[in-house]
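Letter by letter, the chains look like this.
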Amino acid sequence: MSAAEIREQMGGNWEERSDGWWLPLPPEQIRAAAGSMLAGGARFVALVVSPDSQGVFGMSWHWDLKGTLLSVTTTLAAGKPAPSIVDIYIGADWAERETRDYYAVPFEGRLSTPPLMLREEDAPGMMLSPEAGRP
Amino acid sequence: MSYRIPIGPYHLALEEPYKIELDCQGERVTGATLKVGFNFRGIEWLAERKNITKAIALMERVCGICSNVHSMTFCMALEQIGGVEVPPRAQYVRVVMAELERLHSHLLWAGIAAELIGFQTLFMQLFHLRECVMDALESISGNRVNYSMNRIGGVNRDIDHPEAVRKAVSKVRDAVSRTLIPLFTTDQTVAARCRGVGKFSRAEAIAYGAVGPVARASGLDTDMRRDHPYLAYNALDFAVPTRPEGDVLARIVVRALEILESCRMIDQALKRIPAGPLHAGDIYTVPPGEAVARIEGPRGEVFYYVRSDGSDTPTRVKVRTPSFANIPTVTAMVRGSDLADVPLIQGALDPCYSCTDR
C-alpha cells in the first residue's frame, strides 16, 4: 500500500507539510490509526510529546512508508491517559515508557509502563519537575 | 532446566553499559529483557534550556561516532522551520561529511564484528582503514570526533584538501573490495558462524520499527537518502543494498556493501561540488513553528522534532536515534537462539547505547 492509499483509507483532514502529512485525531481514534498504518505496511518511527504553557500535551505518533512521513496528532490534558499502541506496534514500547519517564503520561491498554531511562525509584515526569529540584 | 542469566551493565565485549537478562532452557534462549538508561544525560532537557548555537554543539554529543549527523539533523529541522535555504556547496560538504562518518562507523563496526567472529588480524586491518577515514575527517574539520561543521543554513568549513579525502576513500574501497567483501560473503568460517543466526523477519522489522542496515538486512528496502532525498543526494547515483535473509550474515553483508556505496557517493560529490558560499549568513533564531527532520545515519534513520517559539531557545527538541529503534529488536533476534550466539547477535546490531540513552 502507498502512503496516499493509507491516507485515503483513513480519511480525515490530512495537512501536507514540508516534512510529511499530518492528521489531527481525537485520542480515541489513535489505535485505529495505528491499525491502519500496520495494515498498510508503515514503519513506526517515533512518539513525540510537546507540552504547551497551559499544561496541555500535544502528542504526535509518526510513521514512515517509503520515505513519506505520516503523523497523527492529538491533544491531552496533563494526567489524562493516552492510548497505548504496543499491542499493534511492539516498537512503540520504549517510546511509551520514555514518554512516561519524561511527562508522566499514563498509557491505557498495557499491563504496566515501567521506566526506561529513569530508575524504579524515580518519580515520572522529569521534564515537568521544577528546576530547583534538579540535581 | 530453565534459568535466567543477567548480563551487564558492564560487559566484556561491549564498551558501553546496558543490561540484558536472558531466560534460557538449557543452552536455548527463550526470552530476553533489556535495561537501558545507564548513559542517560537528559540531552533533550538540556537542549530546551540552551540557545540554538549552544544546542547545536550539544546535539553533537548525542553520539560519539555519528556526532555529525546529529548536529546536521538538528540544523535541518531549524532550517525547515525558518525556511532557510542551504547553499548548494554546503549541501555537498554535508554529504561528504555524512558519508565519511558512515565509513568511519561501518569500519569500526566491521572491526568489532571481525573480533567477535575471531578474526583478530582483520580487526587490526579494519581499524587501520578507519584511521585513514578519521584523518580525512580531520583534514576537513580539524577534529576527529566532534567536527563542529554544522550551523543553521550551512557549514562552518570548506573541504580544503579534497585530494586527502579521495586518497582515503580510494584506500578504503580497494581494501574493502579485495578483503572484506570476499571474506564476509564467501568465507566458510564466517558463514558457519553467522548464517541463520539471529533471524529477524521483514514483518518483525516493521512491527519493531527497525531502521538502517538492520531493517535492510531483513528485506525492508528503506533508505532516507533515496526515499526522501535531502541535501545533494538527489544528484548522486547510488544503490541501496538489501538482503532478504534477516540473519547476522545479512547484516554484515549489507554494511560491507554500503561501505562501497559511500565511497561512490563521496567520489561523485567531490567531482560535482559547485562553487559558492558555505552558509546563509549568521542565524541565531528561527520564527515560531515546528518541524520534523529525518536523515539516514550510519545506523539508520535519525529523527528530530524541533519546536520554536521564535526566541533563540528551542521549546521542544525530540531525538529518536537509530539505536533507540534497533536495540529492542534483540529480544526477537535472540529468542530461540543458542546462548553462545547472543554476543554476536548483539554485536551485529551495531548498537550505540550512548545515543540510545541520550
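What you see is a predicted model; the values in this text were computed from it and never measured.

> Any chance you could explain the overall build of chain B here in plain terms?
Looking only at helices and strands, chain B features 15 helices and eight strands. Over its C-alpha trace chain B gives a radius of gyration of 20 Å, about what one expects of a compact globule, namely 21 Å for 358 residues. Taken over 358 residues, chain B has a buried fraction of 61%. Within chain B, contacts between residues separated by at least 24 positions form 70% of all contacts whose residues are at least 6 apart in sequence. Counting 42 positive and 41 negative side-chain charges, chain B places the averaged centre of each group 1 Å from the other.

> I would appreciate a short explanation of the overall build of chain A in the present structure.
Counting secondary structure elements, chain A contains three helices and seven strands. For chain A, the sequential pattern of α-helices and β-strands runs α-β-β-α-β-β-β-β-α-β. Here chain A has a C-alpha radius of gyration of 15 Å; the compact-globule value for 135 residues is 14 Å, and the two agree. When its C-alpha atoms are laid out on the principal axes, chain A stretches across 50 × 30 × 25 Å. Every one of the 135 residues in chain A was classed for burial, and the buried ones make up 54%. For chain A, the distance from the average position of its 11 positive side-chain charges to the average position of its 18 negative side-chain charges is 3 Å.

> What is the right way to read the side chain of Arg255 of chain B from this model?
All names here are of chain B. Residue placement: Arg255 occurs in helix H11 (residues 248-272). At 4.1 Å, Asp350 is the nearest oppositely charged side chain to Arg255, a buried residue that forms no salt bridge. Beyond its immediate stretch of four places on either side in the chain, Arg255 contacts His106, Trp109, Pro213, Val214, Ala348, Leu349 and Asp350.

> Looking at this structure, how should I read the packing of helix H1 (residues 3-10) of chain A against helix H2 (residues 30-39) of chain A?
Relative placement of two packed helices is described by the angle separating their axes and the distance separating the axes. Residue and element names in this part refer to chain A. At a minimum axis separation of 10 Å, H1 and H2 run at an interaxial angle of 145 degrees. The handedness of the crossing between H1 and H2 is right-handed. From H1, Ile6, Gln9 and Met10 reach across to H2, where they touch Ala33, Ser36 and Met37. Residue composition of the contact of H1 with H2, grouped by class: four nonpolar, two polar and no charged.

> Quick question: what am I supposed to make of the pattern of salt bridges here?
A pair can form between side chains of opposite charge whenever their charged atoms are brought close. Under the definition given, this model contains 42 salt bridges over all chains. Between Arg110 of chain A and Asp93 of chain A there is a salt bridge, and its shortest N-O distance comes to 2.5 Å. Taken as a pair, Arg110 of chain A in the segment after strand S7 (107-108) and Asp93 of chain A in helix H3 (residues 93-103) lie far apart in primary sequence, 17 residues in all. Across the pair, exposure class does not vary: Arg110 of chain A and Asp93 of chain A are buried alike. Across the salt bridge formed by Glu99 of chain B and Arg225 of chain B, the nearest N and O atoms sit 3.2 Å from each other. Of this pair, Glu99 of chain B sits in helix H4 (residues 88-117) while Arg225 of chain B sits in helix H10 (residues 224-227), and the two are 126 residues apart along the sequence. By the burial criterion, Glu99 of chain B is buried, and Arg225 of chain B matches it. Ionic contacts of the salt-bridge type, sharing partners, join the residues Glu99, Arg102, Arg216, Asp223, Arg225, Glu258 and Glu296 of chain B into one network.

> Can you help me understand helix H6 (residues 162-186) of chain B in this one?
Each full turn of the α-helix corresponds to 3.6 residues, which orients residues three or four apart in the same direction. Residue and element names in this part refer to chain B. Spanning 25 residues, H6 covers 34 Å between terminal C-alpha atoms, matching the ideal 36 Å at 1.5 Å per step. The sharpest bend along H6 comes to roughly 45 degrees, located at Val176. By the burial criterion, the buried members of H6 are Val165, Ala168, Val169, Val172, Ala175, Val176, Leu180, Ile181, Leu183 and Phe184. Buried residues along H6 sit in contact with H4, helix H5 (120-141), helix H7 (188-194) and H11.

> Is there a simple way to explain the interface of chain B and chain A in this structure?
Reports often express the size of an interface as the amount of accessible area lost when the parts come together. With 39 residues of chain B in contact, the opposing surface of chain A contributes 40 residues. Buried area between chain B and chain A, summed over both chains or domains, comes out near 3300 Å², and the portion from carbon and sulfur atoms is 56%. Remark: the boundary between chain B and chain A carries five salt bridges. Arg43 of chain A is the salt-bridge partner of Glu301 of chain B, the closest N and O atoms lying 3.0 Å from each other. The interface formed by chain B and chain A holds 17 residue pairs in polar contact (both at pLDDT 80 or more) in total. Going through the elements one at a time, strand S3 (28-35), helix H1 (43-47), helix H8 (202-208), H10, strand S6 (289-297), strand S7 (300-308), strand S8 (316-320) and helix H15 (353-357) of chain B are the ones with two or more residues in the side of chain B that touches chain A. Split into classes, the residues belonging to the side of chain B that touches chain A amount to 19 nonpolar, six polar and 14 charged.

What counts and what doesn't
- Residues numbered from 1 in each chain as written.
- Chains lettered and ligands numbered in written order.
- Predicted model: local features only at pLDDT ≥ 70, side-chain atom pairs only at ≥ 80, totals over all residues.
- Heavy atoms only, no water.
- Helix = DSSP H or I, 4+ residues; strand = E, 2+ residues; numbered from the N terminus.
- Rg over C-alpha atoms; globule rule 2.2 N^0.38 Å.
- Buried < 20%, exposed > 50% of the residue type's maximum accessible area, 1.4 Å probe, protein only.
- Contact = heavy atoms within 4.5 Å.
- Lys, Arg positive; Asp, Glu negative; His and termini not counted.
- Charge placed at Lys NZ, Arg CZ, Asp CG, Glu CD.
- Salt bridge = Lys/Arg side-chain N within 4 Å of Asp/Glu carboxyl O.
- Axes fitted to C-alpha atoms, helices over the stretch in contact; angles between N-to-C directions.
- Left-handed = near helix turned anticlockwise from the far one by under 90°.
- Nonpolar A, V, L, I, M, F, W, Y, C, P; charged D, E, K, R; others polar.
- Expected span 1.5 Å × (residues − 1).
- Bend = angle between axes of the 7 residues up to and from the residue.
- Buried area = accessible area lost by both parts, 1.4 Å probe.
- Polar contact = N/O pair within 3.5 Å; in protein donor to acceptor, adjacent residues only side chain to side chain.

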